[in-house]
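Observations on chain architecture
Chain by chain, the residues:
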Amino acid sequence: MKSTLLVGALLTAITTTGAFAQAIKLADVAELSGGGATVGTNWKNGIDLAIEEINAKGGVLGRKLEVTHADSQSNPGVARAQVQKALDAEPYVLLGPGYSGSVKVTAPLAAEAGITQIMGGEAAELTQAGNKFLFRTSFGQQSSMPKVAKYIHDDMKAKTVAVVWVNNDFGRGGRDVVIKELERLGSKVVADLSTEAGQADFAADVGKIKAANPDAVFVYLNEEESARILKELKRQGVTAPLMGETTLIGQKVIELAGDAANGARGHVGLTTDAPVDLIKGFRDRFSKKYNYVPDHNGLKGYLAVYMVKATTEKMGKVDSKAFADTLHGLTIKAADEPGILMDVTFDQNGDIDRQSFLVEVVEGKQVVKQVLPKVK
Amino acid sequence: MSNLFDLLVAGLATGAIYALVAVGFTLLWQTSQTINFAQGEFVMLPAFLMLAAMHVGAPFWLAIILGILLSMILLGLAFKMLLVDPMMRHGVLPLAIATMALAIGIKEAVKQFFSAEASPFPSIVPTGDITVLGHVVSLQSIGVLVVAILAVFGLTTLLNRTSLGHQMQAAAQNPTVARIIGVPVERMILLTFLINAFLVALASLLITPIYLAKFSSGEVLGQAAFIAAIVGGFNQVRGAIAGGLLIGVLDNLAASYISTQYRAAVPLIFLIVVILFRPQGLLGRAEERTV
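Computed from a predicted structure; not experimentally measured. (Residues numbered from 1 in each chain as written. Chains lettered and ligands numbered in written order. Predicted model: local features only at pLDDT ≥ 70, side-chain atom pairs only at ≥ 80, totals over all residues. Heavy atoms only, no water.)

Attention now goes to the overall build of chain A. Helix and strand content of chain A: 13 helices and 15 strands. In terms of C-alpha radius of gyration, chain A reaches 22 Å, essentially the compact-globule figure of 21 Å for 376 residues. Dimensions of chain A along its principal axes, counting C-alpha atoms only, are 90 × 40 × 40 Å. Among the 376 residues that make up chain A, the fraction classed as buried is 56%. Taking all contacts inside chain A whose residues are at least 6 apart in sequence as the whole, residues at least 24 apart take part in 65%. Of the roughly 15000 Å² that chain A leaves accessible, carbon and sulfur atoms contribute 53%. (Helix = DSSP H or I, 4+ residues; strand = E, 2+ residues; numbered from the N terminus. Rg over C-alpha atoms; globule rule 2.2 N^0.38 Å. Buried < 20%, exposed > 50% of the residue type's maximum accessible area, 1.4 Å probe, protein only. Contact = heavy atoms within 4.5 Å. Areas by Shrake-Rupley, 256 points an atom, 1.4 Å probe, with all protein chains shown as cover.)

We now examine the interface of chain B and chain A. Counting residues at the interface gives 27 residues for chain B, matched by 24 residues for chain A. Summed over the shared surface of chain B and chain A, the number is one salt bridge. Between A:Glu224 and B:Lys214 there is a salt bridge whose closest N-O contact spans 2.9 Å. At the boundary of chain B with chain A, the tally comes to nine residue pairs in polar contact (both at pLDDT 80 or more). For the side of chain B that touches chain A, the secondary structure elements donating two or more residues are α1 (4-32), β2 (135-138), α5 (139-161), α8 (185-211) and α10 (237-257) of chain B. Among the residues forming the side of chain B that touches chain A, the class breakdown is 11 nonpolar, 10 polar and six charged. (Salt bridge = Lys/Arg side-chain N within 4 Å of Asp/Glu carboxyl O. Polar contact = N/O pair within 3.5 Å; in protein donor to acceptor, adjacent residues only side chain to side chain. Nonpolar A, V, L, I, M, F, W, Y, C, P; charged D, E, K, R; others polar.)

Take the sheet that holds strand β1 (residues 24-30) of chain A next. Residue and element names in this part refer to chain A. Pairing is parallel in the open sheet, where five strands are placed in the order β2-β1-β3-β4-β5. The open sheet is flanked by β2 (65-71) and β5 (134-136), the only strands paired with a single partner. When the angles between neighbouring strand axes are averaged without regard to direction, this sheet yields 25°. On top of the sheet, helix α4 (residues 100-113) reaches β3 (93-95), β4 (116-119) and β5; it is set at about 160° to β4, its chief contact. Its contacts with the sheet place helix α12 (residues 296-315) against β1, β2, β3, β4 and β5, and it is angled at close to 170° to β3. (Pairing = 2+ DSSP bridges. Axes fitted to C-alpha atoms, helices over the stretch in contact; angles between N-to-C directions.)

In structure tokens:
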């Protein structure tokens, strides 16, 4: 009896070890608690959905995907420790974090380990430091801001623009690119207003915008502050059209700002309201599994895993050292890999190029008004 | 300078809120030598109490009444009986530290029970504009200003024109003598705590539609009101009112005409200047110190 049990236990151990050896291990570090909990939870759920789908269809090159999730607590210091821990386990690819500040402090660790990091941060500087192992799941500001400036100049016909931005890495990066692009196109920046993260009172800032009397206002703040300034803009009766990015017209901003969000326009790299069948399918599957409609972070997490799948299948082998080289310059077509949702190209910096969307808030809902083409 | 009028109105509206909160600082200091460092959180909490009432189905008007009543029980009665009275015998400093701990406790509790994310809050003042002296002014600014002025006017009338107010002042100025002449000092002190709770609940109702309901929103407000109370005169209600209005206007003018980037520094610099040249505050009276 004893020997039978021993043999059984050994067989189980061998089988289990074999299965683990077969699995492709991914490590995710995300904002699962703290201020970025919404971001990290959406990102994690997107990852889990993609892995479930891929494994149900036989995995990647016949091997299952496995992921471990770690919580950065929305804190760059904790993110750094968690990433180091994740890298010590030698994952195939590192996923996350979502906050630019956390990406900034963790990217050198992944690069040093030679592990590709697919992340959610959007600050322009992240991919400009020559890190060959860092890839985006969404536009960096150097890709999105030229589209924003072009829309303000060409479609809004704005000769004068007020730019209001949040004084942190995110806001400063966006402000620098958009002002440069606006001036290149010939629109004059008549007010350049910096605000603070967490700022509650925007009366003076809006007063300055009113005094500048611009043809359009570009608003680039975090979500809560976006909602506060939208309310103040309405309170002070500013009628100039408002343009922003994902943070101006997100669902949370609309909920917080109420009526004041109506009419605001923004450029979004990813939205589940996009008129793209594959994205609609993703939205349905995600909503069915988690009982809520994801924001763009859910899409980012989902795409990160499909980037792993497409790149690995392109290589025809699981090789973490060659992964980054293969992904640089790679175009993944949605026709070949539906999980990637839209055709996408990765350049030598790890930045992406794909279609994006011009959204307007109409009666409390995001409405996609225009599909903007790939830059190249 | 064309928008100076708009800036003044917006500044006065915000300043009136600061004044409501700052008055609470002076009331508690005068009657019980309490510096309440949780005063900002006291403004944040009533909004969440009202939101909680609405979550369980209460209409907005009922949620306001419930929120104010609960605030008076929790932030007036319970605050005095469970924290101030037991800590008072240890002196002002331990009590001040206890209120700092209370601020953290309230903030974390709200974060746990509600969310770390901001929530929208309905406004008692309708949106829209009216024209005043040829300037378009939002109804919300006017509404906030009017309600706050009425509250302050009501309070000063109570303090200066009624027997109850005179008893409160007597209890604040010299509790021993007040007791001898028959003033129920303990009851007067409790009344002060209840008035403070009412004022912070009112401030919460007025400011939250603009600032949004968030667990951390008391930090900014508490700091601004504290500065306002010191600038105006910590031991004078009229000083707190003047300080609140002054800080509100100064903040807006500084942000508009000096720099938005350094707006947070301007009230602090003003505070330092006032402390250097008039330590008792602009309208405060110098207190004698016994050695």
